[in-house]
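Survey of secondary and tertiary structure
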Amino acid sequence: EKGGHRHFMAKEIAEQPVVLADAIAHYLQDSGITLPEPGLDFTQIDRITMVACGTAFYACHVAKYWFEQIARLPVEADIASEFRYREPPIPARSMALFVSQSGETADTLAALRYTEGKADRIVSVVNVLESSIARGSDLPLPILAGAEIGVASTKAFTCQLTVLFLLAIKAGLDRGTLTEAEAEAHLATLRNLPGLMNHALQTAPEIERVAKELAEARDILFLGRGAMYPLAMEGALKLKEISYIHAEGYASGELKHGPIALVDKTVPVVVLAPSDALFDKTVSNMQEVMARGGKVLLVTDAEGAHAAREGTWRTLVMPGVPPILAPILYALPAQLLAYHTAIAKGTDVDQPRNLAKSVTVE
Ligand code: M6R
């Protein structure tokens, strides 16, 4: 049942190119982006409130960047345990969007109940269509990841992002902030992603070597800018969940507002940075780390590796991808880093201590 892999998590990481291709084929048909009935009309929506927990929340946080950039739509993304008790106002023409692999997370379900009768539309992005969250929404969208057994969410995350990206493109087309040609270019990039993921997975042996050294650390920082910032938090969450190493994800620009005080030669800093418009700024953040003896593990593309030159401790080179979709591709090295670090530490990867796959009590 583990398909020849040592752990469910390894299997679930490895099958991402296939499940992603299936999800894309399901939603992207000849006629364009196809949603189940009753569909969605983003001209009726002025704002999206996204709510989730854990990894699903980081998927929402990435998607906030997409909806804002592609569809110029204001988005609030919040964790369900805060949202549900805050009693936030839900203005007219709001869409409430809930993301949950299991569809049974207690806080997310309670947040959904709170928006009933207040939001114009309640949409969910779920892996389990027969779940409470799917049943409670008026448009449940399956992510089609197949059963996810490992407690650390991997393929559900990249499939959630895929569905959210397609929604952002649909929103851009409906609202006229995106031309057909621009949408087609984004969709072509999305269709190429499974192939790029296969390339990214080939860095596993290199990641395994780096992970043996990361396993010695007590604290690890993850940095990213733009939509790579939530991915930095996701990378840190994955690592702490299964390797029990303390890890924090930060926006690169926040480094000098506090966390840089932690940096010395014992604290590795993982920088998730495809070469994009803000890459130079990230290079200066890395230099600040290196000047304090910090060990930088840079995850970038060939162009980024060249531009960053020397000084990094290790560099992992990913295939080139238009920056907007980098969060999906770079999720793979983040997952592999956590996985191999946990293996090096000898922890129980599929059943980490104190954690449940589905958190059905608050
Ligand atoms: O089933 P859900 O997607 O609602 O679960 C949400 C979180 O509990 C979940 O993503 C958790 O953070 C994972 N263990 C992360 O790997």
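Residues numbered from 1 in each chain as written. Predicted model: local features only at pLDDT ≥ 70, side-chain atom pairs only at ≥ 80, totals over all residues. Heavy atoms only, no water.

The protein has the name Glutamine--fructose-6-phosphate aminotransferase [isomerizing] in an unreviewed UniProt entry, where Pacificitalea manganoxidans is given as its organism. In the Function (unreviewed entry) part of its UniProt record, the protein is described as follows: "Catalyzes the first step in hexosamine metabolism, converting fructose-6P into glucosamine-6P using glutamine as a nitrogen source." Taken verbatim from the UniProt record of the protein, the Catalytic activity (unreviewed entry) comment is "D-fructose 6-phosphate + L-glutamine = D-glucosamine 6-phosphate + L-glutamate". (UniProt positions renumbered as here; feature names shortened; annotations may be inferred.)

**Side note on the site of the ligand**
Taken together, 14 residues lie near the ligand, and Ser-100, Gln-101, Ser-102, Thr-105 and Glu-241 sit nearest. In this structure, Thr-105 approaches the ligand through a side-chain N or O atom, which is 2.5 Å from an oxygen atom. When the ligand sits alone it has 420 Å² of accessible area, and the protein chains cover 91% of it. Of all the elements in the fold, those that place two or more residues in the shell around the ligand are helix H3 (54-71) and helix H10 (228-243). Residue composition of the shell around the ligand, grouped by class: five nonpolar, seven polar and two charged. (Near = heavy atom within 4 Å. Polar contact = N/O pair within 3.5 Å; in protein donor to acceptor, adjacent residues only side chain to side chain. Areas by Shrake-Rupley, 256 points an atom, 1.4 Å probe, with all protein chains shown as cover. Helix = DSSP H or I, 4+ residues; strand = E, 2+ residues; numbered from the N terminus. Nonpolar A, V, L, I, M, F, W, Y, C, P; charged D, E, K, R; others polar.)

**Thoughts on the sheet that holds strand E5 (residues 94-100)**
Backbone hydrogen bonds are what pair the strands of a sheet, in a parallel or an antiparallel way. The strand order E4-E3-E5-E6-E7 describes an open sheet built from five strands, whose pairing is parallel. Single-partner strands in this sheet number two, and they are strand E4 (75-79) and strand E7 (139-142). Looking at each pair of strands side by side, their axes are set apart by 20° on average, direction ignored. Sheet topology places E5 next to strand E6 (residues 121-126); six bridges connect them, and they run parallel. Residue Ala-96 lies in a different strand from E6, and its bridge partner there is Ile-122. Packed onto the sheet, helix H7 (residues 155-175) meets E5, E6 and E7 and runs at close to 160° relative to E5. (Pairing = 2+ DSSP bridges. Axes fitted to C-alpha atoms, helices over the stretch in contact; angles between N-to-C directions. Contact = heavy atoms within 4.5 Å.)

**Observations concerning helix H8 (residues 180-201)**
Every α-helix winds through 3.6 residues per turn, so residues three or four apart in the chain are directed the same way. Over its 22 residues, H8 extends 32 Å from the first C-alpha to the last, a length consistent with the 32 Å expected when each residue adds 1.5 Å. Of all the bends in H8, the greatest reaches close to 40° and is centred on Leu-193; the proline Pro-194 follows between one and four positions later. Looking at H8, one finds that the buried residues are Ala-183, His-186, Leu-187, Thr-189, Leu-190, Leu-193, Pro-194, Leu-196, Met-197, Ala-200 and Leu-201. (Expected span 1.5 Å × (residues − 1). Bend = angle between axes of the 7 residues up to and from the residue. Buried < 20%, exposed > 50% of the residue type's maximum accessible area, 1.4 Å probe, protein only.)

**Brief notes about the nonpolar core**
A general tendency of soluble globular proteins is for nonpolar side chains to be buried together. Ile-48, Trp-66, Phe-67 and Leu-97 are the most contacted members of the largest nonpolar core, which totals 100 residues. In terms of residues, this core owes the most to one element, H7, which gives 12 residues. Among all residues touching Phe-67, those that are not within four sequence positions of it are Phe-42, Ile-48, Met-50, Arg-72, Leu-73, Val-75, Leu-164, Leu-167, Ala-168 and Ala-171. Counting 16 residues, the second-largest nonpolar core is a separate cluster that includes Leu-221, Ile-260, Val-263 and Val-283. (Core = buried A, V, L, I, M, F, W, Y, C linked by side-chain atoms within 4.5 Å.)

**Section: the sheet that holds strand E9 (residues 246-251)**
Overall, parallel pairing links the five strands, which are arranged E9-E8-E10-E11-E12 in an open sheet. Sheet topology places E9 and strand E12 (314-318) at the edges, where each strand pairs with a single neighbour. On average, each strand axis in the sheet is inclined to that of its neighbour by 20°, with strand direction left out of account. In this sheet, strand E11 (residues 295-301) lies alongside strand E10 (residues 268-272) in parallel orientation, the contact comprising five bridges. For Val-270, the partnering residue across the bridge sits in E11 and is Leu-297. Its contacts with the sheet put H10 on strand E8 (219-224), E9 and E10, and the angle it makes with E9 is roughly 175°.

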